[in-house]
Amino acid sequence: MARDMGPVLKRCRSLGIEPAFIGIDKKSNRSFSRAGKKTSEYGLQLREKQKAKFIYGVLEKPFRNLFERAQKMKGGTAGENLLALLELRLDNVIFRLGFARTRAEARQIVSHKHVLVNGKCVNIASYTVKAGDTIEIKEKAKSSQRYKDILEVTAGRTVPAWLEADYENLSGKVLEIPTRDQIDVPVNEMLIVELYSK
């Protein structure tokens, strides 16, 4: 399975995003500046796409496929639909519920078969959850020290309004499809649409 293994904080600096968006609470002391260079229109569009791919941990081909799916969806703009589809990925939902410190850890939890969706084991990180779906950590894994440690770290994290979390039972529910104002990622989705529409 292909993965982006580059230095995370360096990537955050170059894309101009806070490490908190990917679940890392470290701060980078260095600043990243492109002295005197004016970014072209294409450069800005490309940067927004790279930001979205990096935050959600999605590679180019699956990202492109998601964009094509977003274009075919009824209602909403392609950009908003794309962000909603990225938010509804199973690994992202686990991260948003606070059952993982980072999206990378959420992906690992899913691939290690710790997650049940509506009572069935799902080990595909890109699985798209739907409104009304119940997501929970397997009974066998619930008692492990790992989840106690995770909940300690993620205790102060706000769960988005479109999700409902139950920390006692390590379960959650998707209440609705997220709208753009419920998605707090610093990405201008219109630039991504413009880039792919060329």
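Residues numbered from 1 in each chain as written. Predicted model: local features only at pLDDT ≥ 70, side-chain atom pairs only at ≥ 80, totals over all residues. Heavy atoms only, no water.

S.K.: What is the right way to look at the packing of helix 1 (residues 8–15) against helix 2 (residues 41–56) in this model?
M.R.: For any two helices packed against each other, the geometry comes down to the angle between their axes and how far apart the axes lie. Helix 2 packs onto helix 1 with a crossing angle of 150° between their chain directions and a minimal axis gap of 10 Å. Here helix 1 is positioned roughly antiparallel relative to helix 2, judged by the angle of their axes. Considering only the axes of helix 1 and helix 2, their crossing is left-handed. Counted together, Val8, Arg11, Cys12, Ser14 and Leu15 of helix 1 and Arg47, Gln50, Lys51 and Phe54 of helix 2 form the full contact between these two elements. (Axes fitted to C-alpha atoms, helices over the stretch in contact; angles between N-to-C directions. Helix = DSSP H or I, 4+ residues; strand = E, 2+ residues; numbered from the N terminus. Parallel < 35°, antiparallel > 145°, perpendicular 65-115°, else oblique. Left-handed = near helix turned anticlockwise from the far one by under 90°. Contact = heavy atoms within 4.5 Å.)

S.K.: Whenever I open this one, the pairing of strand 3 (residues 134–137) confuses me. Can you help?
M.R.: Remark: a regular strand shows side chains that alternate across the two faces of the sheet. Alternating residues of strand 3 divide into Ile135 and Ile137, all buried, and Thr134 and Glu136, none buried. Sheet topology note: the strand 1 (residues 115–117)/strand 3 ladder contains 3 bridges and is antiparallel. In the sheet register, Leu116 faces strand 3, and the bridge partner there is Glu136. Where strand 3 meets strand 5 (residues 171–174), 3 bridges bridge the pair, whose relative direction is antiparallel. Within strand 5, the position partnered with Glu136 by the bridge is Ser171. (Buried < 20%, exposed > 50% of the residue type's maximum accessible area, 1.4 Å probe, protein only. Pairing = 2+ DSSP bridges.)

S.K.: How do you make sense of the packing of aromatic side chains when you look at a structure like this?
M.R.: How two aromatic rings sit relative to each other is set out by the distance from centre to centre and by the angle between their planes. For the structure on display, the rule yields 3 aromatic pairs. Note on Phe63 and Tyr196: the rings are 6.3 Å apart at their centroids and 40° apart in plane angle, and the pair reads as tilted. Highlighted residues: Phe63 in helix 3 (residues 60–72) and Tyr196 in helix 9 (residues 189–196), separated in sequence by 133 residues. Summarising the burial analysis for this pair, Phe63 and Tyr196 share the class buried. With 4.8 Å between their ring centres and 35° between their planes, Phe67 and Tyr196 make a pair best called tilted. Note that Phe67 is positioned in helix 3 and Tyr196 in helix 9, a separation of 129 residues in sequence. Given a relative accessible area of 1%, Phe67 falls into the buried group. Exposure remark for Tyr196: the relative accessible area of 10% places this residue in the buried category. By way of ring pairs, the aromatic residues Phe63, Phe67 and Tyr196 are connected into one cluster. (Phe/Tyr/Trp six-rings, centres within 6.5 Å; stacked < 30°, edge-to-face > 60°.)

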